[in-house]
Amino acid sequence: MKAVSHTLADTQDLITESFGDSILRHLIYSVGKDISHAVTRDWCVAVSLAVRDRMVEGWIDTTREIYKRKQKRVYYLSMEFMIGRLLEDSLTNLGLADEARAFFEAKGVNFHDVLHAEQDAALGNGGLGRLAACFMDSMATVGVAGMGYGIRYQHGIFRQNMEDGWQMEEPEDWLVEGNAWEFRRPEVVYDIDFGGSVVTDENGKTVWKPTEQLQALAFDLPIAGWEGKHVNTLRLWSARQSESMNLKKFNDGDFIAAARQQILAETVSKVLYPGDHTEQGRELRLKQEVFFTSASLQDLIRRFFTNYESLDNLGDHVAVQLNDTHPAIAVPELIRILMDKYDYSFDAALKIARETLHYTNHTLLPEALEKWPKGLFERILPRHLQIINMIDGAFYQEAMAKGLEHHIIAGMQVIHPHQQDWVRMGNLAFIGARKVNGVSALHSELMKETVFHDLNIMYPDKIVNQTNGVTPRRWVLECNPHLSDLITENIGNEWIADLEQLEKLAPLATDKAFQKKYMDVKLANKKRLADYLLERTGVSVNPAAMFDIQIKRIHEYKRQLMNILEAIALYNAIKDNPKGDWQPRVKIFAGKAAPSYFLAKLIIKLITDVQNVVNNDPEIGDKLKVIFLPNYNVSAAEILIPGADLSEQISTAGFEASGTGNMKFALNGALTIGTLDGANVEMAEHVGHENFFIFGMEAHEVAERQHRRARPSEIIKDLPRFQQILAQLEDGTFSDGDTDRYKDILDNLKHHDYFQVVPDFEAYWDMQRHIDGVFADKSKWAEMAILNTAKMGWFSSDRTIRGYAKDIWDADLAF
Ligand code: 26Q
């Protein structure tokens, strides 16, 4: 990794007016309002445009520098970017937040309301999408010549509305009022083909004759890194009807058919698929994947030719990162472009693809590894299917040359020769990539032992690890301004771009005066959260209670069920001894369930049922409160995380690839109760096991129990506490006497319990009671919380991106 020196902002002098004048100018000339008529939303647009102007300067300079220096380009292909709101992020990174605040105060406009008038861009499901957003911030901060490619969904993740405790999905509509950040690029358009057949022309060349064509239209968002030194681009593709097809219908006079085609075409970028680990085999989803992957590859190749003449050395100048298998079609698509458009042989094209593409795996769940029916490929991607067969053929030769047996090779091929009906995208991405990475040390090791066992033996150097990280700009500086000020007062502000400096706080962990200041910040954040909860749910909570928070997608493996069962057990224990010395707790849950995931929705219903009983029981009072906060999103996380005392990271060991919420909580001074899963393992090592509450089975023990199909009933018979909970779920205690409601949960717990709630339950309960005791010791808790903040610096996504740049992309940095 060599460093490239970087000179800044030749354009910077173009804007001579003050920031405040820019805001006013935009209010008047872009929004078309005067001060006396402006509503909050108008101010939000005006200030966004004023910041955007200032980003454009750095943006143009960055682009020019990269061209000039021929810096290696990195393209991050992701179906999801969970960016949330951009205004505060941009103000912060450009150092304009104070000026903006002062401007609005002087105008008598509530700055907080202006920041919050922006729609939350929720173009993702969960961790994978948020990681992509953190990576965009970090690539711009450390100076990677990086560009994100994704889809400009018209509707992001659905809005979660609650009806009688059940999740209802409502369409999300972030674009209705426009998007101040984006630049439409009408000149950047690519054709995307589907369907038809493959023929051989008169010269013996293979030609794909597609029958359906779409166009991908580019929209760009500038992404500024810390201090605005480097501004990268997030390019999102929007689908529309191909012009030639449309024109033909119009010329035929068939306006209705033309309009119909238009709508069909636009469907492709209409809505984000809301299944985070399931939902397989839908044609529209495959079209979305092809659509954005093909447009992105065509675009990066076009850009490549502005600097270079031949694609032979593409991999020396370009690295493409595939965020999970969702863009794995890039493997045959790149080969197709090289062969069919640039006349490369298959072998040469495969070689170039394997020098350019890299694949990140985010899951070991077998049902989450994408596979597509071969029939679907035959119908919509006949040329890609041919190429996949060629890849399998070449791979077979390679494997034979290494002396591997036929049946072992079969298990690794993209299409299993004896189970011809599926195209396996994980195998495709693995075979086509130069490097494959997992997202935590444990996960990367488990990849080698499980899903990619044989492929790892065949290519022992391919799998590498890059433990996830989070951007400290959004996840400390913006969401926790009081903590940020306290940190800066004590160690200066270099931690913002060099998070490991937080280590300097460690000696203060036992300093009583510092403990007080640190816990005062926590209390202020808890009050802010309590206000927010009251406003959003009507539940009033005591900020002195322990705030115990689990926020993430609802999934069996994440075990929100175990958490709510523990709440029931605690409720029972308090009822048995209402005068006891109980540590008051507020248990907060938030998260969306995939619309088709019945059991996950039932778990939400159970949480709200328990909430209704517990919160309305006068004997319980402040000793226990349960809250399900609807419609969890990035903006909600920014308020919840700084207000947490305890972070729940309790997935069945071996199932959470990494987790990133865990990191955000610990950085903000919450202690973690967690299993040895995902990045929890490394977090515990960094902050010290004595400052981390680990419980439960380890991954190998889980695998062993699952393998021998151990029965939960053998354990339940010795667990009276658990038996009581089961009886209450059966007798209608939490369901208004409805004895049927939790049938599927009960059936699961008693007979299958694949995610091992039963065998981990007692250890979880015991650890929770231990935590009650520690929390009562205010000074000890403060010390542990401070040490969590101090020792989490390694989990910055800046570190992760430097790791990718060095170990995977071989990319140089601007600074
Ligand atoms: C696949 C096919 C069809 C429809 C949807 C999908 C789909 C969509 C989203 C599959 C998976 C996802 C998202 C997965 C995800 O968020 N994984 C999380 O990634 C984080 C970042 O690495 C990790 O920290 C989490 O552990 C992991 O669960």
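Residues numbered from 1 in each chain as written. Predicted model: local features only at pLDDT ≥ 70, side-chain atom pairs only at ≥ 80, totals over all residues. Heavy atoms only, no water.

*Asks:* Give a detailed account of the site of the ligand, specifying residues and quantitative values.
*Replies:* Taken together, 22 residues sit near the ligand, with D276, H362, N468, E656 and G659 positioned nearest. For the ligand, whose accessible area on its own is 620 Å², the fraction buried by protein is 96%. The element contributing the most residues to the shell around the ligand is helix α6 (residues 127–142), with three residues. Looking at the shell around the ligand residue by residue, the class counts come to five nonpolar, eleven polar and six charged. (Near = heavy atom within 4 Å. Areas by Shrake-Rupley, 256 points an atom, 1.4 Å probe, with all protein chains shown as cover. Helix = DSSP H or I, 4+ residues; strand = E, 2+ residues; numbered from the N terminus. Nonpolar A, V, L, I, M, F, W, Y, C, P; charged D, E, K, R; others polar.)

*Asks:* Got a sec to walk through the sheet that holds strand β20 (residues 624–629)? Specific residues and values, please.
*Replies:* Overall, parallel pairing links the six strands, which are arranged β20-β19-β18-β21-β22-β23 in an open sheet. If you trace the sheet from one side to the other, it starts and ends with β20 and β23 (693–694), each paired once. Strand contacts of helix α22 (residues 560–576): β18 (546–551), β19 (585–590), β20 and β21 (646–649), with the helix running at about 155° to β19, the strand carrying the most contacts. Those strands touched by helix α31 (residues 757–776) are β18, β19, β21, β22 (671–674) and β23, and its axis lies near 125° from that of β19. (Pairing = 2+ DSSP bridges. Contact = heavy atoms within 4.5 Å. Axes fitted to C-alpha atoms, helices over the stretch in contact; angles between N-to-C directions.)

*Asks:* Talk me through the layout of surface pockets; I want residue IDs and the actual numbers.
*Replies:* As a volume, the largest pocket reaches approximately 1,500 Å³. For the lining of the largest pocket, the secondary structure elements donating two or more residues are α3 (87–93), α4 (97–107), α5 (111–116), α19 (472–478), α20 (481–491), α21 (512–537) and α24 (634–640). For the lining of the largest pocket, a count of residues per class yields 19 nonpolar, 14 polar and 17 charged. (1 Å grid on protein atoms, 1.4 Å probe; cavity = no way out; pocket = protein on both sides within 12 Å on 5 of 7 lines; lining within 4 Å. Points joined across faces, edges and corners; volume = space filled by probe spheres on them.)

*Asks:* Go over the side chain of S22, please, and point to the residues and values.
*Replies:* As for its position among the elements, S22 is in helix α1 (residues 19–31). Those residues in contact with S22 that lie beyond four places of it in its chain are I15, E17, A50 and R54.

*Asks:* Explain unusual backbone geometry to me, using residue names and the numbers behind them.
*Replies:* Backbone geometry places D324, a non-glycine residue, at a positive phi of 70°. Structurally, the position occupied by D324 is in the loop between β12 (318–323) and α11 (330–341). The exposure class of D324 is buried, given its relative accessible area of 5%. (Buried < 20%, exposed > 50% of the residue type's maximum accessible area, 1.4 Å probe, protein only.)

*Asks:* Residues and numbers for the confidence of the model for the protein, please.
*Replies:* Looking at the protein, the pLDDT average stands at 95 and 97% of residues meet or exceed 70. Here residues 1–11 scores under 50 on pLDDT; set against residues more than four positions off or in separate chains, the count is 32 contacts. (pLDDT = per-residue confidence, 0-100.)

*Asks:* An account of the sheet that holds strand β4 (residues 145–151) is requested, with residue identities and associated values reported.
*Replies:* Spatially, β7-β10-β11-β4-β1-β12-β13-β16-β17 is the arrangement adopted by the nine strands of the open sheet, whose pairing is mixed. Of all strands in the sheet, those with a lone pairing partner are β7 (183–194) and β17 (463–465), marking the two edges. Each strand of the sheet is rotated relative to its neighbour by a mean of 25°, with strand direction disregarded. The pairing of β4 with strand β11 (residues 231–241) spans five bridges and is parallel. Residue pairing for β11: Y149 is matched across the bridge by R235.

*Asks:* An account of empty space enclosed by the protein is requested, with residue identities and associated values reported.
*Replies:* The final tally for this structure, using the stated rule, is nine cavities of 30 Å³ or more. Counted as a void, the second largest cavity has a volume near 160 Å³. Lining the second largest cavity are 16 residues, with E118, Q119, N179, A180 and W181 sitting closest to its centre. Listed by contribution, the elements that provide at least two residues to the lining of the second largest cavity are α2 (40–69) and β2 (81–84). Per-element tally for the lining of the second largest cavity: the top contributor is α2, with four residues.

*Asks:* An account of helix α9 (residues 283–304) is requested, with residue identities and associated values reported.
*Replies:* Over its 22 residues, α9 extends 31 Å from the first C-alpha to the last, a length consistent with the 32 Å expected when each residue adds 1.5 Å. Within α9, 18 of the 22 residues are buried, which leaves it mostly tucked inside the rest of the structure. (Expected span 1.5 Å × (residues − 1).)

*Asks:* Kindly report on a negative patch on the surface, identifying the contributing residues and their values.
*Replies:* Side chains of E494, D498, E500 and E503 sit close together on the surface and give a patch of like negative charge. Owing to a relative accessible area of 53%, E494 belongs among the exposed residues under this scheme. (Patch = residues over 30% accessible without salt bridge, like charges linked within 9 Å, V, L, I, M, F, W, Y side chains within 5 Å. Salt bridge = Lys/Arg side-chain N within 4 Å of Asp/Glu carboxyl O. Lys, Arg positive; Asp, Glu negative; His and termini not counted. Charge placed at Lys NZ, Arg CZ, Asp CG, Glu CD.)

*Asks:* So what's going on with the domain arrangement of the protein? Which residues, and what values?
*Replies:* What the domain assignment reports for the protein is domain 1 (329–466) and domain 2 (498–796). Once you take the C-alpha centre of each, domain 1 and domain 2 turn out to be 38 Å apart. For the domain 1 face of the interface with domain 2, the top three residues by lost area are L365, S440 and L442, together amounting to 54%. The tally of links between domain 1 and domain 2 comes to zero salt bridges. (Domains from an automatic or database assignment. Buried area = accessible area lost by both parts, 1.4 Å probe.)

*Asks:* So what about the pairing of strand β1 (residues 73–77)? Which residues, and what values?
*Replies:* Taken across its five residues, β1 has five buried, putting it largely inside the fold. Every second residue of β1 is oriented toward a common face, with R73, Y75 and L77 on one face and V74 and Y76 on the other, all of them buried. Both β1 and β4 contribute to a ladder of five bridges, which runs parallel. Bridge pairing in β4 places Y76 opposite G148. By the bridge criterion, five bridges tie β1 to β12 in an arrangement that is parallel. Residue V74 lies in a different strand from β12, and its bridge partner there is A319.

*Asks:* How would you sum up the pairing of strand β13 (residues 357–360)? Please name residues and give values.
*Replies:* By the alternation rule, side chains of β13 split into L357 and Y359 and H358 and T360, which are all buried. For β12 and β13, the ladder comprises four bridges, and the chain directions are parallel. Pairing of L322 across the sheet is with Y359, part of β13. Here β13 pairs with strand β16 (residues 435–438) via three bridges, running parallel. Counted as the bridge partner of Y359 is V436 from β16.

*Asks:* Just give me the short version of the environment of I568, but keep the residues and values in it.
*Replies:* In this structure, I568 sits in helix α22. Between the alpha carbons of I568 and I725 there is a distance of 6.8 Å; along the sequence they are 157 residues apart. When residues no more than four places from it in sequence are discounted, the contact partners of I568 are V610, I725, Q728, L729 and F734.

*Asks:* Give me the state of the cysteines: which residues, what numbers.
*Replies:* According to the stated counting rule, one finds zero disulfides in the structure shown. The thiol of C479 is unpaired, and the distance to the nearest cysteine sulfur, on C134, comes to 11 Å. (Disulfide = S-S within 2.5 Å.)

*Asks:* Which residues make up the packing of aromatic side chains, and what values do they have?
*Replies:* On inspection of all chains with the given rule, the structure shows 28 aromatic pairs. Here F304 and F305 contribute two aromatic rings whose centre-to-centre distance is 6.0 Å and whose plane-to-plane angle is 75°, an arrangement assigned as edge-to-face. A centroid spacing of 6.5 Å and a plane angle of 35° characterise the contact between F395 and Y459, whose relative ring orientation is tilted. Residue F395 is found in helix α14 (residues 382–401), and its partner Y459 is found in the loop between α18 (453–458) and β17; the two are separated by 64 residues along the sequence. Take F395 and Y459: they sit in the same class, and that class is buried. (Phe/Tyr/Trp six-rings, centres within 6.5 Å; stacked < 30°, edge-to-face > 60°.)

*Asks:* How would you sum up the packing of α9 against α11? Please name residues and give values.
*Replies:* Interaxial distance between α9 and α11 falls to 10 Å at its minimum, and their mutual angle equals 45°. Considering their axes alone, α9 and α11 lie oblique with respect to each other. Crossing hand, α9 versus α11: right-handed. Residues T293, S294, L297, Q298 and I301 of α9 form the contact with α11, whose participating residues are A330, E333, L334 and I337. Across the contact of α9 with α11, the residue classes break down as five nonpolar, three polar and one charged. (Parallel < 35°, antiparallel > 145°, perpendicular 65-115°, else oblique. Left-handed = near helix turned anticlockwise from the far one by under 90°.)

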